[in-house]
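One-letter residues, chain by chain:
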Amino acid sequence: MLGQAAPPSASVKAWLEQLRLAKEGTNPYWGALVAADFDEDTNVPPTRGQVFLECIESLPRQATPDEAREALTTAQCEMRRRGFGFDSDCNAPCRLAALPFTEFVRAVPVADFGKYNLEAARSDLRDAAYRRHVAKRVADGDIEIKMLRSNIGSDFGVWATAYGEVFGTDGNLQRTPDETRDRLGLDDPSRFGREECLVFFVYGQERIPQPGAVRPTVLDAGGPMAAAWLPSDAAYHATGMTQNLADGSRAAPEVLHRPFPAAEVADLKASAPLQNDPSVEYRARRLREVGNP
């Protein structure tokens, strides 16, 4: 477990077994998929992994899958509070020697974009028609970058991929919105489901704060989409890699970096409405691979 960390204690093993049974939203296999990543991820540096295990051990006994799922979130927050986040010195082994792309893309749901970057009213954002209206305004260029507020990402980082993985030289999506979402591993139907739209922040590598980008580990993956995250093999992949929701293959390079003001991005783009909820085909393949059909 956690590759480079010390062997887990009995309490940590018990937590992991309860986590395997946890469900999240409409995903009944969420816990089994996340637990498999804890079993397999060899990229977590020893110090960071040990601090995480200590955080789990310090929490009250997790006697149910729901408690185990909540413990994961609590431990991730506690690590960040104690200074052991993705950008801490103890995570130096995951830091990339150089930024892997010249142009980066960060994809977010319209609801998050409206709430955090436009400061739109929550009552408005609850209306699907209004969210589509915001996306159309972005696509039409009616929302100027200077209008943006807050940061892209949070203290837990910015997940990003290469511009060329999403857009062509003509500036348009290379694939349908549904295919783009699935390739980026955005398995959260409540935010990336049917009739929702994607907003894309585009920015150059010069905007990324020091100390640069890191390879994401299982300790960084949280929420509903944690089930779609896969450990990357540092021997074969220069960065982290997304999991294609449609077939379980590794699809696009991804990195994690510190947030910066949204008003400093180079461009904003938006997709047309998604036609379907995220694909779930990856789940069966992943479960077969780990012997949990």
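Here, every reference points to the structure presented above.
Within any chain, residue numbers begin from 1 and follow the written order of that chain's sequence. It should be noted that, the model being predicted, local features are given only for residues of pLDDT at least 70 and side-chain atom pairs only at 80 or more, the latter also being counted only at that level, while totals for whole chains, interfaces and linings use all residues. Side-chain metrics in this entry use all non-hydrogen atoms of the structure; hydrogen atoms and water are not considered.

Chemist: So, the environment of A97: which residues are in play, and what are the values?
Modeler: Residue position: A97 is located in the loop between helix 4 (65–81) and strand 1 (103–109). Linking A97 and G212, residues 115 residues apart in sequence, is a C-alpha distance of 8.6 Å. Under the scheme used here, helices are H or I runs from DSSP no shorter than 4 residues and strands are E runs no shorter than 2 residues, and both carry numbers assigned from the N terminus.

Chemist: How would you sum up the packing of helix 1 (residues 10–19) against helix 4? Please name residues and give values.
Modeler: Only the contacting stretch of a helix is used when fitting its axis, a line to C-alpha atoms as for every element, and angles between N-to-C directions run 0 to 180 degrees. Running from N to C, helix 1 and helix 4 point in directions that differ by 110°, and their axes come no closer than 8 Å. Relative to helix 4, helix 1 is oriented roughly perpendicular. Considering how the two elements wind past one another, helix 1 and helix 4 form a crossing that is left-handed. Contact residues: helix 1 offers W15, Q18 and L19, while helix 4 offers P65, A68, R69, A71 and L72. An angle counts as roughly parallel when it lies under 35 degrees, as roughly antiparallel when it exceeds 145, as roughly perpendicular when it falls between 65 and 115, and as oblique in every other case. In this scheme, a crossing is called left-handed if the near helix is turned counterclockwise away from the far one by less than a right angle; it is called right-handed if the turn is clockwise. Throughout, a contact is declared for two residues whenever any of their heavy atoms are within 4.5 Å.

Chemist: If you had to explain the nonpolar core to someone new, which residues and values would you point to?
Modeler: Put simply, buried Ala, Val, Leu, Ile, Met, Phe, Trp, Tyr and Cys residues joined by side-chain atoms within 4.5 Å make one nonpolar core. Partly exposed describes any residue whose relative accessible area lies between the buried limit of under 20% and the exposed limit of over 50%, with all areas from a 1.4 Å probe on protein chains only and scaled to the type maximum. Counting 33 residues, the largest nonpolar core has L2, W15, L19, W30, F38, F52 and L219 as its most contacted members. Of all the secondary-structure elements, those providing two or more residues to this core are helix 1, helix 2 (30–40), helix 3 (46–58), helix 4 and helix 11 (281–289). It is helix 2 that contributes the most residues to this core, 6 residues altogether. Membership of the second largest hydrophobic core comes to 28 residues, among which are F104, V110, C197 and I208.

Chemist: Pulling in residues and values, what's your account of the state of the cysteines?
Modeler: Disulfides are defined as cysteine sulfur pairs within 2.5 Å. Scanning the entire structure with this criterion turns up 0 disulfides. Cysteine C55 remains unbridged, with the sulfur of C77 as its closest cysteine sulfur at 10 Å. With relative accessibility at 3%, the residue C55 sits in the buried group.

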